[in-house]
Amino acid sequence: MRVVIEPMREEDIPEVTEIEKHCFNMSWPAHAYRREIRENSFSHYVVAREVNGASAWEATRPESRRTAEAQVGGIKRAVSHLLQPFARPAAPLAQARIAGYAGLWIMLDEAHVTTICVRPELQRKGIGEIIFIHLLGLADRYSARRITLEVRVSNQGAQELYHKYGFTDEGIRKHYYSDNNEDALIMWSDDLHSPAMQERLASLRRALKEKVERLERDDGASQL
């Protein structure tokens, strides 16, 4: 199973909110997503759609519903091949199931990951990481230098992923999550434009590609 990443549309919102209910104790209502798409000029929301029959490990559609005006450089040079289409979907994307989604706010030279989610039955297949590295490229395209996010202090798996991509722990938001009053860990990325970060992302992209291809081979063998 492969995914193609494209901007979230209003027609996607019912499916997105249904996925969210299965992933989070607290979920955004549909009208919140509509407001983000229609009214928030800082927001960039994407969905990852399943693509069957493609000939490459990932295909990526244009990252944003707005035209990027940022200069070419930084991470884009290092991992631009991750953000280009490698294969044409076998079926119209409007008919493709959403595997996951994410949101990003970009304000001047900083970006904030607002949400990231993958269908429970499709987790541990590299889809969340594909979406996440796409957000890093999107932030760079709009000239953001650093990205921040909040994550539950109990969510060790997500923290490990973010640490792998150069994020560091910068603070705690006490009682941030209203469902259980759990604290949130505040994390920030290194400078996205630094040579060290570019090298890190290029290496991680190669490793992710190999991981996804290995999982696809294993899935194919199990169906024989």
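Visitor: So what exactly am I meant to see when it comes to the packing of aromatic side chains here?
Guide: Each aromatic ring pair is specified by the distance between its two centres and by the angle formed by the two planes. For the coordinates displayed, the defined rule picks out nine aromatic pairs. For the pair Phe132 and Phe167, a centre-to-centre distance of 5.6 Å together with 50 degrees between the ring planes defines the contact as tilted. Placement of Phe132 in helix α4 (residues 127-141) and of Phe167 in the loop between α5 (156-164) and β7 (168-177) is noted, with a sequence separation of 35 residues between them. You'll find Phe132 and Phe167 in the same group, each marked buried. Both rings, one in Tyr176 and one in Tyr177, keep their centres 5.0 Å apart while their planes meet at 90 degrees; by these two values the pair is edge-to-face. We classify Tyr176 as partly exposed; its relative accessible area is 40%. Just above the ring of Tyr177 sits the side chain of Arg152; from NZ or CZ to the centre is 4.1 Å.

Visitor: How should I be thinking about the confidence of the model for the chain in this particular structure?
Guide: Atom-level detail of predicted coordinates should not be read off regions where pLDDT is low. Per-residue confidence for the chain averages 81 on the pLDDT scale, and 77% of its residues sit at or above 70. Here helix α3 (residues 75-79) stands out as the least confident element of the chain, with mean pLDDT 39; strand β8 (residues 182-188) is the most confident, with 97. Every residue in residues 54-59 scores below 50 in pLDDT, and together they form 26 contacts with partners more than four places removed in sequence or on other chains. Under a pLDDT of 50 for its full length, residues 61-92 has, in the predicted model, 81 contacts with residues more than four places off or in other chains.

Visitor: Is there a simple way to explain helix α2 (residues 30-39) in this structure?
Guide: Helical geometry note: an α-helix holds 3.6 residues per turn, so side chains three or four residues apart project in the same direction. Three or more residues of α2 are buried, namely Ala32, Tyr33, Glu36 and Ile37. The buried residues of α2 occupy an angular sector of 130 degrees when the element is viewed end-on, so they sit on one face. Residues of α2 that are exposed and point more than 90 degrees away from the buried face comprise Arg38 and Glu39. Taken together, the buried residues of α2 touch α1 (13-23), β2 (43-51), β4 (98-107) and β5 (110-118).

Visitor: What should I look at first to understand the packing of α1 against α2 in this one?
Guide: For any two helices packed against each other, the geometry is given by the interaxial angle and the distance between the axes. Running from amino to carboxyl end, α1 crosses α2 at an angle of 130 degrees, the nearest separation of the two axes being 10 Å. On the basis of the axis angle, α1 is oblique to α2. Crossing of α1 against α2: the hand is right-handed. Taking contact as the criterion, the partners of Ile13, Val16, Thr17 and Glu20 in α1 are, on α2, Ala30, Tyr33, Arg34 and Ile37. A per-class count over the contact of α1 with α2 returns five nonpolar, one polar and two charged.

Visitor: Explain the side chain of His112 to me, please; I cannot follow it from the model alone.
Guide: Structurally, His112 is set in strand β5. At 2.9 Å, the side chain of His112 and the side chain of Glu150 are in polar contact.

Visitor: Even after reading the chapter, I still don't get unusual backbone geometry, so can you show me in this structure?
Guide: Note: most peptide bonds trans; most residues except glycine with negative phi. The backbone phi angle of Arg124 is positive, close to 70 degrees, even though this residue is not glycine. Given the relative accessible area of 78%, Arg124 is considered exposed. Positive phi is not limited to glycine here, since Ser143 has a value of about 70 degrees. You can see Ser143 is positioned in the loop between α4 and β6 (146-152). Ser143 gets classed as partly exposed once you look at its relative accessible area, which sits at 29%.

Procedures and definitions
- Residues numbered from 1 in each chain as written.
- Predicted model: local features only at pLDDT ≥ 70, side-chain atom pairs only at ≥ 80, totals over all residues.
- Heavy atoms only, no water.
- Phe/Tyr/Trp six-rings, centres within 6.5 Å; stacked < 30°, edge-to-face > 60°.
- Helix = DSSP H or I, 4+ residues; strand = E, 2+ residues; numbered from the N terminus.
- Buried < 20%, exposed > 50% of the residue type's maximum accessible area, 1.4 Å probe, protein only.
- Lys NZ or Arg CZ within 6 Å of the ring centre and 35° of its normal.
- pLDDT = per-residue confidence, 0-100.
- Contact = heavy atoms within 4.5 Å.
- Arc of directions from axis to C-beta.
- Axes fitted to C-alpha atoms, helices over the stretch in contact; angles between N-to-C directions.
- Parallel < 35°, antiparallel > 145°, perpendicular 65-115°, else oblique.
- Left-handed = near helix turned anticlockwise from the far one by under 90°.
- Nonpolar A, V, L, I, M, F, W, Y, C, P; charged D, E, K, R; others polar.
- Polar contact = N/O pair within 3.5 Å; in protein donor to acceptor, adjacent residues only side chain to side chain.

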